[in-house]
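Notes for the structure review
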Amino acid sequence: MQPALSVDNIIKYFHDPETIQVLKGISFDVQPGEFLALIGKSGSGKSTLLYLLSTMDTNYEGTIQINGTRLTGLKQNELARFRNEHIGFVFQFHYLLPEFSVLDNVMLPALKLGKQPPEQIRAKALELLYLLDIKGHEDKKASRISGGQQQRVAIARALINDPAIIMGDEPTGNLDSKNTKVVFDIFRELARERGQTIIAVTHDDEFAANCDRVIEMVDGKIVGE
Ligand SMILES: Nc1ncnc2c1ncn2[C@@H]1O[C@H](COP(=O)(O)OP(=O)(O)OP(=O)(O)O)[C@@H](O)[C@H]1O
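Residues numbered from 1 in each chain as written. Predicted model: local features only at pLDDT ≥ 70, side-chain atom pairs only at ≥ 80, totals over all residues.

As annotated in an unreviewed UniProt entry, the chain carries the name Lipoprotein-releasing system ATP-binding protein and is attributed to Spirosoma oryzae. What UniProt states about the chain under its Sequence similarities (unreviewed entry) heading is, verbatim, "Belongs to the ABC transporter superfamily. Macrolide exporter (TC 3.A.1.122) family." (UniProt positions renumbered as here; feature names shortened; annotations may be inferred.)

Below is the structure:
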C-alpha cells in the first residue's frame, strides 16, 4: 500500500542568531487510516516537524511525500493548493474566525478551493456539524459557543475538503477530560471508518496510549515507537 505520508531524512536548522539543528534526520512512514501520536518533551522538535509535514515551512533538508506526491520542491502556490485539498488542521487554539458564523467557518476552506457550488458546500458543512453534534448552533458567531464546541467546529472545518491527512498540534490541549475524550473518539472514528490518517502532537499520555501508534522524539530525533 502506498503510504499516506512518507518522511525521509528530514533535517532542520534554525538560525537565531546562532545555528541550532532542531531536527536531526527524521524518517518514518504512516499508512492510510493510521492514528498516530507524536510525543516528546518540550523543545524536542514536535511542532517544528508538524510544521514541515503540513507544508507551512519549506526550509528543510530531506523529502516529504503525501499520498505519493512529493511536496519537497513544490512552489508556494502549488503547496497552498495541495494543503487546502489534502490536509486538514486542528490546533490547540482552533483559530476560528470569531465574528463569522459557525457555518461560515466550516464552509470557508471549501469556498476557497472553489471546486463545488456554494449550496453543495453548505449542505456538506451542515452534515459535518450534525456529525460532530453541533446541530442548532450553525448560525451563531463562533465566539458564542463553548470551547469544546469550538474545537468540534474546528474539526468540521478541517474535514470539509475530505483531506487524506488530518494534522493536529495539541488538538485537545485546551480541553477538559470530557471534551478530550469526545475529540479523541471523533479522530478514532475518522481513521477507522473513513480511512483518514491522523497525526497528532500531544502531551496527553492517555490520548497517546490509545492511538494506533506512538512516535517519541528526543532532541530532534525519533527514539522509539
Ligand atoms: N522560529 C524559531 N526560531 C528559532 N528556534 C526555534 C524556532 N522554533 C522553534 N525553535 C527551537 O526549536 C526547538 C524545538 O521546538 P518545537 O517547538 O518544535 O518543540 P516542541 O517539541 O514542539 O515543544 P513543545 O512541546 O513545548 O511545543 C526548540 O529548542 C525551540 O526553541
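With that settled, the discussion passes to the overall build of the chain. Within the chain one finds seven helices and 10 strands. The C-alpha radius of gyration computed for the chain amounts to 17 Å, which stays within 12% of the reference 17 Å derived for 225 residues, consistent with globular compactness. When each of the 225 residues of the chain is scored for burial, the buried share is 41%. Within the chain, contacts between residues separated by at least 24 positions form 71% of all contacts whose residues are at least 6 apart in sequence. (Helix = DSSP H or I, 4+ residues; strand = E, 2+ residues; numbered from the N terminus. Rg over C-alpha atoms; globule rule 2.2 N^0.38 Å. Buried ≥ 20, exposed ≤ 12 C-beta atoms within 10 Å, placed from the backbone. Contact = placed C-beta atoms within 7 Å.)

With that settled, consider the site of the ligand. Around the ligand, the surrounding shell consists of Phe14, Asp16, Val22, Gly40, Ser42, Gly43, Ser44, Gly45, Lys46, Ser47 and Thr48. Broken down by element, the shell around the ligand gets its largest block of residues, three residues, from helix α1 (residues 46-53). When the residues that make up the shell around the ligand are grouped by side-chain class, the tally is two nonpolar, seven polar and two charged. (Near = placed C-beta within 6 Å. Nonpolar A, V, L, I, M, F, W, Y, C, P; charged D, E, K, R; others polar.)

Take Gln92: it is sitting in the loop between β6 (87-91) and α3 (102-113). When the C-alpha atoms of Gln92 and Thr172 are compared, they prove to be 6.1 Å apart, with 80 residues separating the residues in sequence. Discounting chain neighbours no more than four positions away, the residues touching Gln92 are Asp169, Glu170, Pro171, Gly173 and Asn174.

Let us now look at α1. Extensive coverage of α1 is indicated by the burial of six of its eight residues. When we look at burial in α1, the residues that qualify are Lys46, Thr48, Leu49, Leu50, Leu52 and Leu53. Positive phi shows up at Thr55, right after α1, with a value of about 70°.

For the rest of this paragraph, the subject is the nonpolar core. Within the largest apolar cluster, 61 residues are counted, with the highest numbers of intra-cluster contacts made by Val106 and Ala156. When sequence neighbours within four positions are dropped, the list of residues in contact with Val106 reads Ala125, Leu128, Leu129, Val153, Ala156, Arg157 and Ile160. (Core = buried A, V, L, I, M, F, W, Y, C linked by C-beta atoms within 7 Å.)

Attention now goes to the sheet that holds strand β8 (residues 197-201). Spatially, β6-β7-β8-β3-β9-β10 is the arrangement adopted by the six strands of the open sheet, whose pairing is mixed. At either margin of the open sheet sits one strand with a lone partner, and together these are β6 and β10 (221-224). On average, each strand axis in the sheet is tilted by 25° relative to the strand beside it, whichever way the strands run. Pairing of β6 with strand β7 (residues 165-169), which is carried by five bridges, proceeds in the parallel orientation. (Pairing = 2+ DSSP bridges. Axes fitted to C-alpha atoms, helices over the stretch in contact; angles between N-to-C directions.)

Here Pro118 shows up in helix α4 (residues 118-131). The class of Pro118 is exposed, set by 11 C-beta atoms lying within 10 Å. Along the primary structure Pro118 and Arg70 are separated by 48 residues, whereas in three dimensions their C-alpha atoms are 31 Å apart.

Turning our attention to the pairing of strand β9 (residues 213-218). Bridge count between strand β3 (residues 35-40) and β9: five bridges; the pairing is parallel. The residue of β9 that forms the bridge with Leu38 is Ile215. The pairing of β9 with β10 spans three bridges and is classified as antiparallel. The residue of β10 that forms the bridge with Glu216 is Gly224. Here β9 hands over to β10 after two residues, with Asp219 in that stretch at a positive phi of 50°.

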